[in-house]
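Structural overview for review
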Amino acid sequence: ATDLASLQSELRGSRETLRAREAANKERVTSLEGAVSASDAKLRAHEVQHSENIASLENELDALRAHLAAVQSTHEKVHVAKVDMAKVDVAKPPSANKDALVGEVASLQLDLAAVQDKVQ
């Protein structure tokens, strides 16, 4: 009878220990699930931020390409104007050459103003 009572007592103690371990394990699982969920949320937020950064950089790159094209166009017009100025007909009266050059300068100034507006 003593052995049976001792075994029953030991069995109760083992059950209580198992229940306590099970409760502790459940708490740990809940805590770990919360940590995983928080990490997933952070990861998603970082992914969104990286996507936004990439989109912003792509937009900046597009704007820089457009600006470069405008600068190259203006540069080409200036080059053409220089070539045209080199071809000024010295046989014409100075006022005819002057009028043509004034018109070309005015056109170039408008192009330059447009490029400067885009830069700002």
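Worth saying up front: this structure is predicted, and the values here are computed from it rather than measured.

Things to note about the overall build of the protein chain
When helices and strands are counted, the protein chain shows 2 helices and 0 strands. For the protein chain, with 120 residues in total, the buried portion stands at 6%. Taken as a whole, the protein chain presents about 10,200 Å² of accessible surface, with 59% of it coming from carbon and sulfur.

A word on the pattern of salt bridges
Applying the stated criterion across every chain yields a total of 3 salt bridges. Between Glu22 and Lys26 there is a salt bridge, and its shortest N-O distance comes to 3.7 Å. Taken together, the residues span about one helical turn, with Glu22 and Lys26 both in helix H1 (residues 2–86) at a distance of 4 residues. The partly exposed category is assigned to Glu22, whose relative accessible area is 43%. Taking the relative accessible area as the measure of exposure, Lys26 reaches 52% and is therefore exposed.

Topic: the side chain of Asp111
Along the chain, the position of Asp111 falls in helix H2 (residues 94–119). At 3.1 Å, the side chain of Asp111 and the side chain of Lys77 are in polar contact. Once residues within four sequence positions are removed from consideration, Asp111 is found in contact with Thr74 and Lys77.

Here's the deal with the side chain of Thr74
Here Thr74 shows up in helix H1. Discounting chain neighbours no more than four positions away, the residues touching Thr74 are Asp111 and Val115.

Notes on the environment of Ala114
Position of Ala114 among the secondary structure elements: in helix H2. What makes Ala114 partly exposed here is its relative accessible area of 38%.

Cut-offs applied
- Residues numbered from 1 in each chain as written.
- Predicted model: local features only at pLDDT ≥ 70, side-chain atom pairs only at ≥ 80, totals over all residues.
- Heavy atoms only, no water.
- Helix = DSSP H or I, 4+ residues; strand = E, 2+ residues; numbered from the N terminus.
- Buried < 20%, exposed > 50% of the residue type's maximum accessible area, 1.4 Å probe, protein only.
- Areas by Shrake-Rupley, 256 points an atom, 1.4 Å probe, with all protein chains shown as cover.
- Salt bridge = Lys/Arg side-chain N within 4 Å of Asp/Glu carboxyl O.
- Polar contact = N/O pair within 3.5 Å; in protein donor to acceptor, adjacent residues only side chain to side chain.
- Contact = heavy atoms within 4.5 Å.

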